[in-house]
Amino acid sequence: MAADRRASWLKGVLDLLVLTCLVDGESYGYEIAKKLDDAGLGQIRGGTLYPVLNRLETAGLVQAEFRAAERGPGRRYYELTDAGRASLTEEGESWAIFHRTVQNMLTKAGVQT
(Lines give C-alpha, C1' and ligand atoms only; values in the text may rest on other atoms or scores of the structure.)
Protein backbone atom coordinates (compact mmCIF):
# COMPACT_ATOMS: atom_id res chain seq x y z
CA MET A 1 0.00 0.00 0.00
CA ALA A 2 1.29 3.40 -0.88
CA ALA A 3 2.58 5.25 2.18
CA ASP A 4 0.96 8.53 1.11
CA ARG A 5 -2.47 6.88 0.94
CA ARG A 6 -2.01 5.28 4.36
CA ALA A 7 -1.01 8.65 5.80
CA SER A 8 -4.14 10.21 4.34
CA TRP A 9 -6.36 7.52 5.87
CA LEU A 10 -4.60 7.84 9.22
CA LYS A 11 -5.08 11.60 9.25
CA GLY A 12 -8.84 11.06 9.11
CA VAL A 13 -8.93 8.77 12.14
CA LEU A 14 -5.91 9.75 14.26
CA ASP A 15 -7.93 11.79 16.79
CA LEU A 16 -10.12 8.76 17.43
CA LEU A 17 -7.13 6.43 17.74
CA VAL A 18 -5.40 8.74 20.22
CA LEU A 19 -8.55 8.74 22.36
CA THR A 20 -8.51 4.92 22.33
CA CYS A 21 -4.96 5.00 23.71
CA LEU A 22 -6.24 6.82 26.79
CA VAL A 23 -9.14 4.52 27.67
CA ASP A 24 -7.16 2.60 30.28
CA GLY A 25 -5.75 5.69 31.94
CA GLU A 26 -3.41 8.60 31.53
CA SER A 27 -0.43 8.52 29.22
CA TYR A 28 2.16 10.81 27.67
CA GLY A 29 3.07 11.47 24.06
CA TYR A 30 5.84 8.93 23.60
CA GLU A 31 3.73 6.16 25.17
CA ILE A 32 0.78 7.02 22.94
CA ALA A 33 2.99 6.98 19.83
CA LYS A 34 4.39 3.60 20.91
CA LYS A 35 0.88 2.15 21.37
CA LEU A 36 -0.07 3.30 17.88
CA ASP A 37 3.13 1.85 16.40
CA ASP A 38 2.67 -1.43 18.28
CA ALA A 39 -0.88 -1.63 16.91
CA GLY A 40 0.57 -1.64 13.38
CA LEU A 41 -0.10 1.96 12.42
CA GLY A 42 3.55 2.86 11.99
CA GLN A 43 5.61 5.53 13.63
CA ILE A 44 3.66 8.68 14.45
CA ARG A 45 6.07 11.56 14.84
CA GLY A 46 5.72 14.27 17.46
CA GLY A 47 5.02 16.88 14.79
CA THR A 48 1.86 14.93 13.97
CA LEU A 49 0.90 13.65 17.42
CA TYR A 50 1.26 16.76 19.57
CA PRO A 51 -1.02 18.96 17.45
CA VAL A 52 -3.66 16.20 17.76
CA LEU A 53 -3.24 16.14 21.55
CA ASN A 54 -3.44 19.96 21.69
CA ARG A 55 -6.58 19.93 19.54
CA LEU A 56 -8.19 17.28 21.77
CA GLU A 57 -7.29 19.29 24.86
CA THR A 58 -8.71 22.51 23.39
CA ALA A 59 -11.92 20.63 22.55
CA GLY A 60 -12.18 19.42 26.15
CA LEU A 61 -11.82 15.76 25.20
CA VAL A 62 -8.60 15.28 27.15
CA GLN A 63 -7.03 17.10 30.05
CA ALA A 64 -3.30 17.52 30.41
CA GLU A 65 -0.98 17.95 33.33
CA PHE A 66 2.74 18.69 33.21
CA ARG A 67 4.85 16.76 35.70
CA ALA A 68 8.48 17.41 36.46
CA ALA A 69 10.73 14.36 36.44
CA GLU A 70 13.43 13.52 38.95
CA ARG A 71 15.82 12.93 36.07
CA GLY A 72 15.49 14.27 32.57
CA PRO A 73 12.77 16.48 31.16
CA GLY A 74 9.26 16.60 32.55
CA ARG A 75 6.30 15.11 30.71
CA ARG A 76 2.81 16.19 29.87
CA TYR A 77 0.31 13.49 30.84
CA TYR A 78 -3.02 13.27 29.04
CA GLU A 79 -6.25 11.80 30.37
CA LEU A 80 -9.70 11.34 28.85
CA THR A 81 -12.45 13.59 30.14
CA ASP A 82 -16.08 12.51 30.34
CA ALA A 83 -16.64 14.43 27.09
CA GLY A 84 -13.72 12.53 25.57
CA ARG A 85 -15.25 9.19 26.52
CA ALA A 86 -18.59 10.25 25.05
CA SER A 87 -16.88 11.46 21.87
CA LEU A 88 -14.95 8.20 21.58
CA THR A 89 -18.17 6.21 21.77
CA GLU A 90 -20.01 8.42 19.28
CA GLU A 91 -17.16 8.81 16.81
CA GLY A 92 -16.22 5.14 17.19
CA GLU A 93 -19.73 4.12 16.20
CA SER A 94 -19.65 6.50 13.22
CA TRP A 95 -16.28 5.11 12.15
CA ALA A 96 -17.59 1.52 12.41
CA ILE A 97 -20.53 2.37 10.14
CA PHE A 98 -18.21 4.05 7.65
CA HIS A 99 -15.83 1.07 7.74
CA ARG A 100 -18.66 -1.40 7.10
CA THR A 101 -19.88 0.69 4.17
CA VAL A 102 -16.42 0.75 2.57
CA GLN A 103 -15.95 -2.96 3.25
CA ASN A 104 -19.33 -3.80 1.68
CA MET A 105 -18.49 -1.82 -1.44
CA LEU A 106 -15.10 -3.50 -1.75
CA THR A 107 -16.71 -6.94 -1.31
CA LYS A 108 -19.26 -6.16 -4.04
CA ALA A 109 -16.36 -5.17 -6.30
CA GLY A 110 -14.73 -8.56 -5.71
CA VAL A 111 -12.00 -7.36 -3.36
CA GLN A 112 -11.19 -9.83 -0.58
CA THR A 113 -11.69 -8.14 2.78
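Up top is the structure.
Treat the numbers as computed from the prediction; the structure is a model and nothing was measured.

Undergrad: Mind showing me how you'd approach the pattern of salt bridges here?
TA: Side-chain pairs of opposite charge can arise where the charged atoms are in close proximity. Across all of its chains, the model carries five salt bridges by this definition. Between Lys34 and Asp38 there is a salt bridge, and its shortest N-O distance comes to 3.2 Å. One end of the pair, Lys34, and the other, Asp38, are both in helix H2 (residues 29-41), four residues apart, so they sit about a helical turn from each other. You can call Lys34 partly exposed: its relative accessible area is 41%. A relative accessible area of 56% means that Asp38 is categorised as exposed. In this structure, the salt-bridge partner of Arg67 is Glu65, at a minimum N-O distance of 3.6 Å. Under the relative-accessibility criterion, Arg67 is labelled partly exposed at 28%. The exposure class of Glu65 is partly exposed, given its relative accessible area of 44%. Residues participating in the shared-partner salt-bridge network are Glu26, Glu65 and Arg67.

Parameters at a glance
Residues numbered from 1 in each chain as written. Predicted model: local features only at pLDDT ≥ 70, side-chain atom pairs only at ≥ 80, totals over all residues. Heavy atoms only, no water. Salt bridge = Lys/Arg side-chain N within 4 Å of Asp/Glu carboxyl O. Helix = DSSP H or I, 4+ residues; strand = E, 2+ residues; numbered from the N terminus. Buried < 20%, exposed > 50% of the residue type's maximum accessible area, 1.4 Å probe, protein only.

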